[in-house]
Amino acid sequence: MWLLIFLVFFLIWACGVYWYLFRKPSPFTVESVRPAGPLELDQKKRDKVLKQGFTKERIPKNLDAIIIGSGIGGMTAAATMAKAGKRVLVLEQHDVAGGCCHTFTEKGFEFDVGLHYFGQLHENGLLKVAMDQITEGQLEFAELPQHFDSIVIDDDKKRRDYAVLSGKTEMEQNLKKLFPDDVKAVEEFFKIMKVTARKIHYLAILKLIPQLFALFLLKSGIADLCSSIFRLSGSNATEMNNRLTSNKDLHVIFSYFFYGVPPKDSSYMINALMLHHFKRGAYYPKGGASEIPFHITKVIQKYGGSVLVRAPVSRILVDKTGAAYGVTVKKGDEHVEIRAPVIISNCGIFNTFQKLLPPEIHVKPGIQSRLDMMRPGKASFLLFSGFDATQEELDIVPNSIWLFKSNDMDAMMDEFFSMSKDEAPENVPMILITFPSAKDPTSQIRHPGKSCMTILTMVNYEWFEEWKDTRVKKRGDDYFNYKMRFAKCVFDWACKHFPKLRDKLVFQEAATPLTNMHYLSCNRGAIYSADQNLERFYAEAMARNRCDTPVKNLYLSGQDIFSCGIAGALHGGLLCASTVLNYPVYIDLLFIKKKLKWKKAKEAAKLAKQKHQ
């Protein structure tokens, strides 16, 4: 066995040496990052970038790749490939680029759709390095206060408020103060969090090395000898929480990032990773979430590519040999055929395989086995509210507020999702409240005297399914009245915690699963894409769920590749680009990270020497 392990590590070392000696030119360089320019406030100039409509004339010649969907996963893959010298075309069905990173403005209020905050954007952090590369340094972030999240358990007992703090040591120390009887449980959780954060790249490597080799490492037990991450990924969150402590409030802290999956069905690794994501701070893009697609689009255009909107892809074209060779875009009554040697889908595994591939292709066993690894995710309901008042006048905060009606998340979620359509609207058990205008320091410059709030919760798609064949904004009074029952429930709950909101409310719009399907093409209204259930994160499932597909030349990107959220989708894009380019771009990112750290250390040493003299 030990000889086998030695041979495996020797092979990995040999591959590393080969990569170093014969590597391709890197798409990423320190020199490509330049100081950020001034914020573009002219909406017409922004629209020229984010709302460039599809026409035949705007299709670049000699395309190397077509990317379906302009969410962060697709845009990351596109920008990385563009910087590697590839000419790419991103096609977006909505009238604005960005996917869940786009913003919309109504009645003078600007709302983000899916980005609430970022983590791991501290100086020289890997995600910061990656974000700088795909925007060439033009995206700036505001760091939120150390108290970045509030967790409120609002049950029949006395209300409990818990502050979650960022900080390398402060996050853990704060939880120990909040739960003095569970110090050991907190310490053990942070040990697990540390292992998860340091070894998560092993799971990413499984997606990049040959699949047979990855499965061999797992089935032989060699992977488990290398790290406990392969067991942690398939560990049940509720079981692990129960092993650490019987304190249900602390269980909530360990698993409060809800994405539609109760802790008993979720991966402990993912829950720990989500909290660790904010350990070094929480951040929000200056200028709002749309700054992300705005600057990535410019990078794609710089290298000869395009991002075109109002370009709904109706079909992925597959030849007689079973290889993808292009797509068709519906333009009025016409279907425009566009060809490229590589097709990347960022619109989710279900949309890709079930809706875009020809029927005779998606029924094939290879496609079905990939679909069987996933299940549809829970749908989302969002309420957007606008107020004619400033942050100070409303007493609102930049940190996000997570409200729960019980500290038993499993029972609470099971009960809610088993309710009938008529019971559900008045019984929402948990919500996320976030104030984008309070997070963004440029908000009052761009929208003076106005504030906005977004409330998010999870719902069953089936509660809204009867209206699926109706037209957007023309779904009828029954639909409007039903969705506004949800809206009233969550807004009233928010007003309990921020009582000044009600009198200053001037605009409100609710987005149901059907809204998400229309504007974001989310399968069954699930903005987190496929379900983030435990089985999906088993090590073997992670190895099999790759960017390449049984259809030659067709690749997947985004949340369905690694994990949910903006950061998860971004890593999905990097993994996809690595697969298509046959080049591990992560190694280049790590080299840049090291160079920047060395540069900073030299500057600090030089400064210290000057002070000493």
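If you're wondering where the values come from, they're calculated on a predicted model, not measured in any experiment. Sequence positions are assigned chain by chain, starting from 1 and proceeding in written order. Per-residue local features are limited, in this predicted model, to residues with pLDDT of at least 70; the limit for side-chain atom pairs, both in listing and counting, is 80 or more; totals at the level of whole chains, interfaces and linings are taken over all residues. Only hydrogens and water are set aside when side-chain values are computed; all heavy atoms of the structure are taken into account.

Description of the overall build of the protein chain
Stage number 1. For the protein chain, the helix and strand inventory stands at 26 helices and 20 strands.
Stage number 2. Restricting the calculation to C-alpha atoms gives the radius of gyration, and the globule rule supplies 2.2 Å times the number of residues raised to the power 0.38. Computed over its C-alpha atoms, the radius of gyration of the protein chain comes to 24 Å, within 12% of the 25 Å expected for a compact globule of 613 residues.
Stage number 3. Principal-axis analysis of the C-alpha atoms places the extent of the protein chain at approximately 65 × 65 × 60 Å.
Stage number 4. Across the 613 residues of the protein chain, 58% fall into the buried class.
Stage number 5. Residue contacts follow a heavy-atom distance rule, with two residues in contact if any of their heavy atoms lie within 4.5 Å. The contacts of the protein chain with a sequence gap of at least 6 include a subset with a gap of at least 24, amounting to 76%.
Stage number 6. By element, 54% of the accessible surface of the protein chain is carried by carbon and sulfur atoms, the whole surface being about 26600 Å².
Stage number 7. Averaging the locations of the 82 positively and 66 negatively charged side chains of the protein chain gives two centres separated by 8 Å. Runs of E in the DSSP output that reach at least two residues are strands. Runs of H or I that reach at least four are helices, and both are numbered from the N terminus. Per-residue accessibility, obtained with a 1.4 Å probe over protein chains only, is compared with the maximum for each type, and a residue is labelled buried under 20%, exposed over 50%, and partly exposed between these values. Note on areas: Shrake-Rupley with a 1.4 Å probe; residue coverage comes only from the protein chains shown. The charge count treats Lys and Arg as positive and Asp and Glu as negative. His and the chain ends do not count. Here the site of a charge means atom NZ of a Lys, CZ of an Arg, CG of an Asp or CD of a Glu.

Observations concerning the pattern of salt bridges
Stage number 1. Whenever a carboxyl oxygen of Asp or Glu lies within 4 Å of a side-chain nitrogen of Lys or Arg, that contact is scored as a salt bridge. For the structure on display, the rule yields 32 salt bridges.
Stage number 2. The residue Asp161 makes a salt bridge to Arg159 at a minimum N-O spacing of 2.8 Å.
Stage number 3. What makes Arg159 partly exposed here is its relative accessible area of 39%.
Stage number 4. Arg446 is the salt-bridge partner of Asp440, the closest N and O atoms lying 2.6 Å from each other.
Stage number 5. On the accessibility criterion, Arg446 (21% relative accessible area) is partly exposed.
Stage number 6. What you see here is one network of salt bridges that share partners, running through Arg34, Lys83, Glu136 and Lys302.

Considering the packing of aromatic side chains
Stage number 1. Whether two aromatic rings pair depends on their centres lying within 6.5 Å, for rings of Phe, Tyr and Trp, where Trp uses its six-membered ring; planes under 30 degrees apart make the pair stacked, over 60 edge-to-face, and the rest tilted. This structure, assessed with the given rule, holds 30 aromatic pairs.
Stage number 2. Among the aromatic residues, those joined into a ring-pair cluster are Phe381, Phe416, Phe417, Trp463, Phe464, Trp467, Tyr479, Tyr482 and Phe486.
Stage number 3. Over the ring of Tyr482 we find Lys421; its NZ or CZ atom is 5.3 Å from the centre of that ring. Note on criteria: charge over ring means Lys NZ or Arg CZ within 6 Å of the ring centre, with the direction from the centre no more than 35 degrees off the ring normal.

With respect to the pairing of strand S13 (residues 334-339)
Each regular strand displays side chains that alternate between the two surfaces of the sheet.
Stage number 1. As defined by bridge partners, strand S12 (residues 324-331) adjoins S13 across six bridges and the pair is classed as antiparallel. Following the sheet pairing, Lys331 is matched in S13 by Glu334.
Stage number 2. Taken together, S12 and the strand that follows it, S13, pair antiparallel across an intervening segment of two residues, in which Gly332 is found at a positive phi of about 65°. Strands pair, by our definition, only if DSSP identifies at least two bridges between them.

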